[in-house]
Amino acid sequence: MGNNDFYVRRLHSLLGVVPVGVFLLEHLITVSTVMGGAKSFDDAVAKLAAIPHELLIFMEVCFIAIPLLFHGLYGAYIALQARNNAIGGYGYTRNWQFYLQRLTAWYTLLFLIGHVGYLRFAMKGSGVPIDFALVSAHLSNPIIFVLYAIGVVAAVFHFTNGLFTFTITWGIAKGPRIQSVVNKCAWALCVILSVLGVVSLTRFIA
Ligand code: HEM
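About the cut-offs
Residues numbered from 1 in each chain as written. Predicted model: local features only at pLDDT ≥ 70, side-chain atom pairs only at ≥ 80, totals over all residues. Heavy atoms only, no water. Axes fitted to C-alpha atoms, helices over the stretch in contact; angles between N-to-C directions. Helix = DSSP H or I, 4+ residues; strand = E, 2+ residues; numbered from the N terminus. Parallel < 35°, antiparallel > 145°, perpendicular 65-115°, else oblique. Contact = heavy atoms within 4.5 Å. Nonpolar A, V, L, I, M, F, W, Y, C, P; charged D, E, K, R; others polar. UniProt positions renumbered as here; feature names shortened; annotations may be inferred. Salt bridge = Lys/Arg side-chain N within 4 Å of Asp/Glu carboxyl O. Buried < 20%, exposed > 50% of the residue type's maximum accessible area, 1.4 Å probe, protein only. Near = heavy atom within 4 Å. Polar contact = N/O pair within 3.5 Å; in protein donor to acceptor, adjacent residues only side chain to side chain.

### Describing the packing of helix H1 (residues 3-17) against helix H2 (residues 20-32)
Part 1: Where H1 contacts H2, the two axes come as close as 3 Å, and the packing angle between them is 15°. Overall, the two elements H1 and H2 adopt an arrangement that is roughly parallel. For the pair H1 and H2, contact is made by Leu15, Gly16 and Val17 and by Val20, Gly21 and Val22, respectively.
Part 2: Of the residues contributing to the contact of H1 with H2, the split by class is 4 nonpolar, 2 polar and no charged.

### Focus: the UniProt feature "transmembrane region" (unreviewed entry) in the protein
Part 1: UniProt marks residues 12-35, 55-80, 104-123, 143-173 and 185-205 with the feature "transmembrane region" (unreviewed entry), using the numbering shown here.
Part 2: Across residues 143-173, the secondary structure splits into 87% helix and 0% strand, with the terminal C-alpha atoms separated by 40 Å.

### Considering the pattern of salt bridges
Part 1: For the structure shown, the criterion picks out 2 salt bridges.
Part 2: We note a salt bridge from lysine 39 to aspartate 43, for which the minimum N-O separation is 2.7 Å. In this pair, lysine 39 and aspartate 43 both sit in helix H3 (residues 38-49), 4 residues apart, roughly one turn of the helix.
Part 3: In this structure lysine 39 comes out as exposed when scored by relative accessible area, which is 59%.

### Quick notes on the site of the ligand
Part 1: Taken together, 21 residues lie around the ligand, and Ser13, His71, His158, Thr165 and Thr169 are the ones closest in.
Part 2: Interatomic distance of 2.5 Å between a side-chain N/O atom of serine 13 and an oxygen atom of the ligand.
Part 3: At a separation of 2.8 Å, a nitrogen atom of the ligand approaches a polar side-chain atom of histidine 71.
Part 4: Looking at the shell around the ligand, the elements with two or more residues in it are H1, H2, helix H4 (53-81), helix H6 (93-123) and helix H8 (142-169).
Part 5: Looking at which element gives the most residues to the shell around the ligand, the answer is H8, with 6 residues.
Part 6: Per-class residue counts for the shell around the ligand are 7 nonpolar, 12 polar and 2 charged.

Below, the structure written as structure tokens:
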């Protein structure tokens, strides 16, 4: 790996956590307000919409779109280079996690194109307000619902397993013992956030 590749790879890794991962967490928490009912969700969305338009666009572009595009596009390049076949030979959990990190990257990429394309560009972009009624109508199609449920779990796994590999990439978790502890914490976070996300989805159609 050349010097440039090293730094670009580090940037890719960092952006996956800050700001993309932080945004994913914020987004899951905002959506989970639906557990308090339709009004609670609409209030949470209205709060975000109350941010002055120019500032909101600036934040969306600088802290979400550009980092996500960079992470997604460079990530696709990394995933195309990766040798996933080691999985057949060894079958260790970590090999599976490596393979799933790539698989969830591809699913998340396709899911985000559909999700952002529909709600942010097609709907909000043409002046339709995002609210409970709109999301509820969208998710009441069982195929869309299942694609969303898989999308939430895929993005969450990719992020939480990514937090684990991040601590290795950056030399934070060095020995096998600490790595095993971090891995277990990442799995626990994966389960908690997946349940939070999928249960939130069910509230839109309950
Ligand atoms: C919700 C959106 C996403 C989040 C929160 C996210 C987060 C992360 C994190 C935290 C890592 C770990 C970095 C490390 O090991 O140091 C990672 C790795 C990775 N991401 Fe993403 N990611 C997202 C979307 C995507 C997309 C759309 C792609 C491309 C199709 C992608 C491709 C990858 C790849 C290939 C890796 C492994 C890199 C490596 O092994 O060095 N990610 N991601």
